[in-house]
Amino acid sequence: MAQCLDQQSQRAPFRGFVAARSGTERFEHATGFADAQDTRPITRDTPFRLASVGKVFTRVAVGLLIDEGKVRLDDPIRRHLPELPESFAAITVGQLVAHRSGVSPMTRPEMADGPAMAAATTARDLVQVVASKPLGFEPGSQEQYSNGGYLLLGALIEAVTGEPYRNVIARRIFDAVGMAHSSFEPDADAATPLTRLTAPGQPPAATPQPRIEFPALKASAAGDALSSASDLEALAARLIGDDLLTTPTKAALFPRGTSHWQLGQAGGSVGSNTGFWVYPEANAWLIVLSNIDPPSADLVSEALKPVVLGGACSLQAPKAMPPR
């Protein structure tokens, strides 16, 4: 693991934390600092912005409701969110989880949505924002990554539990698993997101700088959370076992797509790149957290995944950041 990480880091710079387990063997490595002034070393307890890795929390919360018999993956979403229009009638909970619903990707929120997104205090406040956008295809016929679909899953969680999405995740996942460094608001210990992105048409900055910060969205179930390597390891251990979610529910939420059953998610945004990968059958996991732009953690994840599973290092070619 150390040799592979070192070789990959020579090909493309990495700043962050890597934690892994394969059977009884453990590995962890920290590189760089949590702030732009290089005064706070990154540790296993440093919280990072997770970007879309936060969708794992949404999936787990849906799984908890499935195991309690309160939700089924084949439920029409309008059974729980009747305020959705008739055009959403064929969409099921499972299609939302699997990004097969046709709901708008919303990867780049439109400026017109800004006031509603900023004012929302619960996930259900965003249902009409998502519903105002036409479906991209017939539900179930295609697969397309959809932040909008996960916003609806956050609203589903609120409708079934009667609690705000953030409260459910904090109580039923963070507190239940013992994730003391996980939250929805950055504190003084959180890693500062650093970016090379500059004004449109300008080349990337030579040195990463703190990104422009905006008030955190209060209602996003599509990836609005922070966590540390130590906390995500605790979650990974619980996902390998059956005491958090039953095996049938995990298999339904994270279907097998390769020879190795993989639970998890990659995440990336300005100044943040993350990966959370759990392999229950191999008793293994890989967690990669970085506070610089993609593809820093993506490249490290792809290089190290085979090693975690007993294979050879798969070094990745560096990718240049294009001007924007």
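Placed above this text is the structure.
For every chain, the first residue of the written sequence is number 1, and numbering continues from 1 onward in sequence order. Local features in this predicted model are restricted to residues whose pLDDT is 70 or higher, and side-chain atom pairs enter the listing and the counts only when it is 80 or higher, whereas totals over whole chains, interfaces and linings include all residues. The side-chain numbers reported here are obtained from all heavy atoms of the structure, hydrogens and water having been left aside.

Each reported salt bridge corresponds to a side-chain nitrogen of Lys or Arg within 4 Å of a carboxyl oxygen of Asp or Glu. Within the structure shown, the criterion is met by 18 salt bridges. Linking R166 and E185 is a salt bridge whose minimum nitrogen-to-oxygen distance equals 3.2 Å. With R166 in helix α7 (residues 165-177) and E185 in the loop between α7 and β4 (194-195), the pair connects residues that are 19 residues apart, well separated along the chain. With a relative accessible area of 16%, R166 lands in the buried category. A relative accessible area of 35% places E185 in the partly exposed class. Secondary structure counts use DSSP, requiring at least four H or I residues in a row for a helix and at least two E residues in a row for a strand, with both numbered from the N terminus. To sort residues, take the accessible area from a 1.4 Å probe on protein chains only and compare it with the maximum for the residue type: under 20% means buried, over 50% means exposed, and anything in between is partly exposed.

Once that is clear, we can look at the side chain of R21. When you line up the elements, R21 lands in strand β1 (residues 16-22). Residues scored as charged are limited to Lys and Arg (positive) and Asp and Glu (negative), so that His and the chain ends carry no count. Here R21 is buried and forms no salt bridge, its nearest opposite-charge partner E233 lying at an N-O distance of 7.3 Å.

Note: strand β7 (residues 263-269) against strand β8 (residues 272-279), 7 bridges, orientation antiparallel. Bridging from a neighbouring strand, G268 pairs with N273 of β8. Note on pairing: DSSP must find at least two bridges between two strands before they are called paired.

Take the pairing of strand β9 (residues 284-290) next. β9 sits mainly inside the fold: 7 of its 7 residues count as buried. Neither face of β9 is open: one carries A284, L286, V288 and S290, the other W285, I287 and L289, and all of them are buried. Pairing between β1 and β9: 7 bridges, direction antiparallel. Residue V18 lies in a different strand from β9, and its bridge partner there is V288. Note that β8 and β9 share 7 bridges and pair antiparallel. Residue T274 lies in a different strand from β9, and its bridge partner there is L289.

A few words on the sheet that holds β8. Ordered in space as β2-β1-β9-β8-β7, the 5 strands form an open sheet in which the pairing is antiparallel. Strands at the two margins of the open sheet, each flanked by one partner only, are β2 (25-31) and β7. Strand-to-strand, the axes of this sheet are offset by a mean angle of 5°, without reference to chain direction. The strands touched by helix α8 (residues 229-240) are β1, β2, β7, β8 and β9; relative to β9, the strand with the most contacts, the crossing angle is about 155°. Each axis is a line fitted through C-alpha atoms, and for a helix only the stretch in contact is used; angles between axes span 0 to 180 degrees, taken between their N-to-C directions. The contact rule is simple, with two residues in contact once any of their heavy atoms fall within 4.5 Å.

A few words now on the state of the cysteines. Such a bond, covalent and formed between the sulfur atoms of two cysteines, is termed a disulfide. By definition, disulfides here are pairs of cysteine sulfur atoms that lie within 2.5 Å. Tallying each qualifying case throughout the model produces 1 disulfide. The side chain of C4 participates in a disulfide bridge whose partner is C313; the two sulfur atoms lie 2.1 Å from each other. An S-S torsion of about 70° defines the bridge between C4 and C313 as right-handed. Placement of C4 in helix α1 (residues 2-11) and of C313 in the segment after α10 (296-308) is noted, with a sequence separation of 309 residues between them. With relative accessibility at 30%, the residue C313 sits in the partly exposed group.

The next subject is unusual backbone geometry. Residues P294 and P295 are joined by a peptide bond in cis, for which omega reads 10°. Looking at where P295 falls in the secondary structure, it is placed in the loop between β9 and α10. At M106, a position not held by glycine, the phi torsion is positive, near 50°. Relative to the assigned elements, M106 resides in the loop between α3 (93-97) and α4 (114-119). According to the relative accessible area criterion, M106 is buried, its value standing at 9%. Even without being glycine, N283 reaches a positive phi, approximately 50°. With respect to the helices and strands, the residue N283 is situated in the loop between β8 and β9.

Before going further, it helps to spend a moment on the environment of V130. Topologically, V130 is positioned in helix α5 (residues 127-131). Residues V130 and L151, spaced 21 residues apart in sequence, show a C-alpha to C-alpha distance of 7.7 Å. Sequence-distant contacts of V130, defined by excluding residues within four places in its chain, comprise F88, V103, M106, G148, L151 and L152.

Aromatic pairs are defined between Phe, Tyr and Trp rings, using the six-membered ring for Trp, whenever the two ring centres lie within 6.5 Å; interplanar angles under 30 degrees are classed as stacked, those over 60 as edge-to-face, and all others as tilted. By the definition in use, this model includes 3 aromatic pairs. A ring pair is formed by F57 and F174, whose centres lie 5.1 Å apart and whose planes are at 85°; its orientation type is edge-to-face. One end of the pair, F57, is in helix α2 (residues 55-67); the other, F174, is in helix α7, with 117 residues separating them in the sequence. Assessed through its relative accessible area of 1%, F57 is described here as buried. Exposure remark for F174: the relative accessible area of 3% places this residue in the buried category. When the centroid spacing of 5.8 Å and the interplanar angle of 40° are considered together, the rings of F174 and F184 count as tilted. One end of the pair, F174, is in helix α7; the other, F184, is in the loop between α7 and β4, with 10 residues separating them in the sequence. By relative accessible area, F184 is classed as buried at 8%. Feature note: the residues F57, Y165, F174 and F184 constitute an aromatic cluster, connected by ring pairs. Only lysine NZ and arginine CZ atoms are considered, and such an atom sits over a ring when it is within 6 Å of the ring centre and within 35 degrees of the ring normal. When the ring centre of Y150 is taken as origin, the NZ or CZ atom of K55, which lies over that ring, is 5.8 Å away. If you follow K305 out to its NZ or CZ, it ends over the ring of W277, 3.6 Å from the centre.

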